[in-house]
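In case you want the letters, here they are:
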Amino acid sequence: MATSSTSAASASSRINNMVRVLISAGILGMLAACTSVPLPRVQPPASPPQAAPAVAPPAAAPEDGVAPPPAVRGKARWVPARWSELPGVADDALHEAWNAWIRSCERPLPPHAALCPDVRRLSIANADEQRAWLQQRLQPYRIEPLQAAESLLTGYYEPMLDASRLPTAAQQVPLFRPPADLATRRPWYTRQEIDTLPQARAGLRGREIAYVADPLDALALQIQGSGRLRIAEPDGRVSVVRVAFAGTNEQPYRSVGGWLLQQGALRDASWPGIKAWARANPQRLQEMLWSNPRVVFFREGPLTDLDAAFGPRGAQGVPLTPGRSIAIEKDSVPYGTPMWLSSPGPVLSLNRLVFAQDTGSAIVGAVRADYFTGWGAEAGEVAGRLKQPLALWVLWPR
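Every value quoted in this text rests on a predicted model; they were computed, and no experiment measured them.

Turning to the packing of aromatic side chains, a few remarks are in order. A complete count under the given rule lists 9 aromatic pairs for this structure. Residues Trp98 and Trp133 carry aromatic rings whose centres are separated by 6.3 Å and whose planes lie at 65° to one another, so their mutual orientation is edge-to-face. Of this pair, Trp98 sits in helix α2 (residues 95–104) while Trp133 sits in helix α5 (residues 127–137), placing them 35 residues apart in sequence. The same class applies to Trp98 as to Trp133, namely buried. With centroids separated by 5.5 Å and ring planes inclined at 55°, the aromatic side chains of Tyr156 and Phe372 adopt a geometry described as tilted. Taken together, the residues Tyr156 in strand β4 (residues 152–158) and Phe372 in strand β14 (residues 368–375) connect sequence positions 216 residues apart. Considered together, Tyr156 and Phe372 belong to a single accessibility category, that of buried residues. Here the aromatic cluster, defined as three or more aromatic residues joined through ring pairs, consists of Trp98, Trp101, Trp133 and Phe355. The ring centre of Phe310 lies 4.4 Å from the NZ or CZ of Arg103, which sits over that ring. Directly above the aromatic system of Tyr189 lies the positively charged group of Arg185, at a separation of 3.9 Å from the ring centroid.

Here's what the structure looks like:
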């Protein structure tokens, strides 16, 4: 929804500042690790994806500069474009994107793997050298839908929540590991049944990871598919961990925002709007939660200093980089593909190099992307309001 230009500029500045801080903190350790060479998110693959493209990749531009022909992949038409057609191509801080590219090189598809030695070498190059190499080695293709469809940029993030290993007076909402019989009982119980049926509650007894205070925060964690927890342990220690998607009850997903719109309860179906309605209508909170029968289960993992500088692993199987990783429709764009993203606002004004490193059940359409904003409350505020027009270009090896 619309915001003031001052708020949009402030949000954009905060996101850019956050990315710069993260890069400064993490780049040295990450480069040392790489020179030898986290709608729920889908579970990352156990091994690098090696499936061949659905169609042959676009032909390389010949030496005489004649543009290659358009190509079709999934629901998208790839139309050759000139570098000069990409908005803001001379202004992007490319060094901020290079960490995300090095991450993609941990699990590259064959068309991109040949670029990775140069990608690593250029990680310490200046912006002019990086830009010149991009334009020499990659051909831009404008993404167009094969059928009429809305172009849309939305956002997602990694929640960061305070939690307790044991229930307390303030923290009583459990986050669960998968039940033992999840593989044999399909679908499993609905959200309402989990809250009300003794047999469903018995199936989750002993599967609690931790407890949080706000059921809407727990729902947000399930929608995003992963998050960070600061857990108060019984011995007084505080553990910082990451919880990641480990399965669902295989019930259909229903948007609580859509339910509220159908009820005529609000006009602002953003996440901040939903939370404001819940605060004003506590007597209907449970009804709203039960409108979405799907429940997501998690697995707990450690959060090292290097892990903390990046987001969770996306569907490509590499950690996400704030401001540089996007979720796309994987049939239209292969994982790991560098892309140019342009969106005029109103929440964020973006012209930048990004990477297709994730997907999600709500990401449907050729000109459709979910923009990873980072973690914590500020990133959640931006992601919750991000809904704006989008243009995308694939940057494919020549």
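As a further point, take the state of the cysteines. Taken as a whole, this structure holds 1 disulfide when the rule is applied. Shown here is the disulfide that connects Cys105 with Cys116, its sulfur atoms set 2.2 Å apart. In this structure the cystine formed by Cys105 and Cys116 twists about its S-S bond by roughly -95°; its chirality is therefore left-handed. Placement of Cys105 in the loop between α2 and α3 (110–113) and of Cys116 in helix α4 (residues 116–121) is noted, with a sequence separation of 11 residues between them. The same class applies to Cys105 as to Cys116, namely buried.

Let's shift gears to the side chain of Thr337. On the secondary structure map, Thr337 appears in the loop between β11 (325–327) and β12 (338–343). Among residues more than four places away in sequence, those in contact with Thr337 are His112, Val354, Phe355, Ala356, Val394, Leu395 and Trp396.

Judged by pairing direction, the sheet is mixed, and its 10 strands sit side by side in the order β1-β2-β3-β16-β12-β13-β11-β14-β4-β15 without closing on themselves. Pairing within the sheet leaves two strands with one partner each, and these edge strands are β1 (71–73) and β15 (387–388). As judged from the 6 bridges shared by β4 and β14, these two strands associate in the parallel manner. In the strand pairing of β14, Thr154 is matched with Asp370.

The amide bond that connects Arg186 to the next residue, Pro187, takes the cis arrangement and shows omega of -10°. Following the sequence through the fold, Pro187 ends up in the loop between β6 (173–176) and α6 (191–196). Residue Pro346 is reached from Gly345 by a cis peptide bond, and omega for that bond is 25°. Topologically, Pro346 is positioned in the loop between β12 and β13 (350–358). A positive phi angle, near 60°, is found at Glu250, a position not held by glycine. With respect to the helices and strands, Glu250 occurs in the loop between β9 (238–248) and α9 (256–262).

Quick look at the environment of Arg242 now. In this structure, Arg242 sits in strand β9. You can call Arg242 buried: its relative accessible area is 12%. At 3.0 Å, the side chain of Arg242 and the backbone oxygen of Phe310 are in polar contact.

Here helix α13 (residues 376–385) has its buried residues at Gly376, Ala379, Gly380, Val382 and Ala383. Down the axis, α13 shows its buried residues gathered within 165° of arc, on one side only.

Attention now goes to the pattern of salt bridges. Evaluated as defined, the whole model comprises 21 salt bridges. The salt bridge involving Asp92 is made with Arg324; its shortest N-O contact spans 2.9 Å. Taken together, the residues Asp92 in the loop between β2 (76–80) and α2 and Arg324 in the loop between α12 (305–308) and β11 connect sequence positions 232 residues apart. By relative accessible area, which is 8% here, Asp92 ends up buried. Put simply, Asp331 and Lys330 hold a salt bridge, and the shortest N to O gap is 3.8 Å.

Before going further, it helps to spend a moment on the nonpolar core. In this structure, Ile143, Ile326, Met339 and Leu341 are the most contacted members of the largest nonpolar core, which totals 28 residues. Elements supplying a minimum of two residues to this core: β2, β3 (138–145), β12, β13, β14 and β16 (391–397). In contact with Ile326, not counting residues within four places along its chain, are Tyr156, Met339, Leu341, Val354, Phe355, Ala356, Gln357, Asp358, Ala369, Asp370, Tyr371 and Leu392. The next biggest cluster of nonpolar side chains, apart from the first, holds 24 residues, and it includes Leu86, Ala97, Cys105 and Trp340.

A few words on the confidence of the model for the chain. Scored by pLDDT, the chain has a mean of 85; 83% of the residues are at 70 or more. Here residues 1–57 is a poorly scored stretch, pLDDT under 50, and it has 108 contacts once near neighbours within four places are set aside; other chains count. This model gives residues 59–64 a pLDDT under 50, and the stretch forms 9 contacts once residues within four places in sequence are excluded.

Parameters at a glance
Residues numbered from 1 in each chain as written. Predicted model: local features only at pLDDT ≥ 70, side-chain atom pairs only at ≥ 80, totals over all residues. Heavy atoms only, no water. Phe/Tyr/Trp six-rings, centres within 6.5 Å; stacked < 30°, edge-to-face > 60°. Helix = DSSP H or I, 4+ residues; strand = E, 2+ residues; numbered from the N terminus. Buried < 20%, exposed > 50% of the residue type's maximum accessible area, 1.4 Å probe, protein only. Lys NZ or Arg CZ within 6 Å of the ring centre and 35° of its normal. Disulfide = S-S within 2.5 Å. Contact = heavy atoms within 4.5 Å. Pairing = 2+ DSSP bridges. Polar contact = N/O pair within 3.5 Å; in protein donor to acceptor, adjacent residues only side chain to side chain. Arc of directions from axis to C-beta. Salt bridge = Lys/Arg side-chain N within 4 Å of Asp/Glu carboxyl O. Core = buried A, V, L, I, M, F, W, Y, C linked by side-chain atoms within 4.5 Å. pLDDT = per-residue confidence, 0-100.

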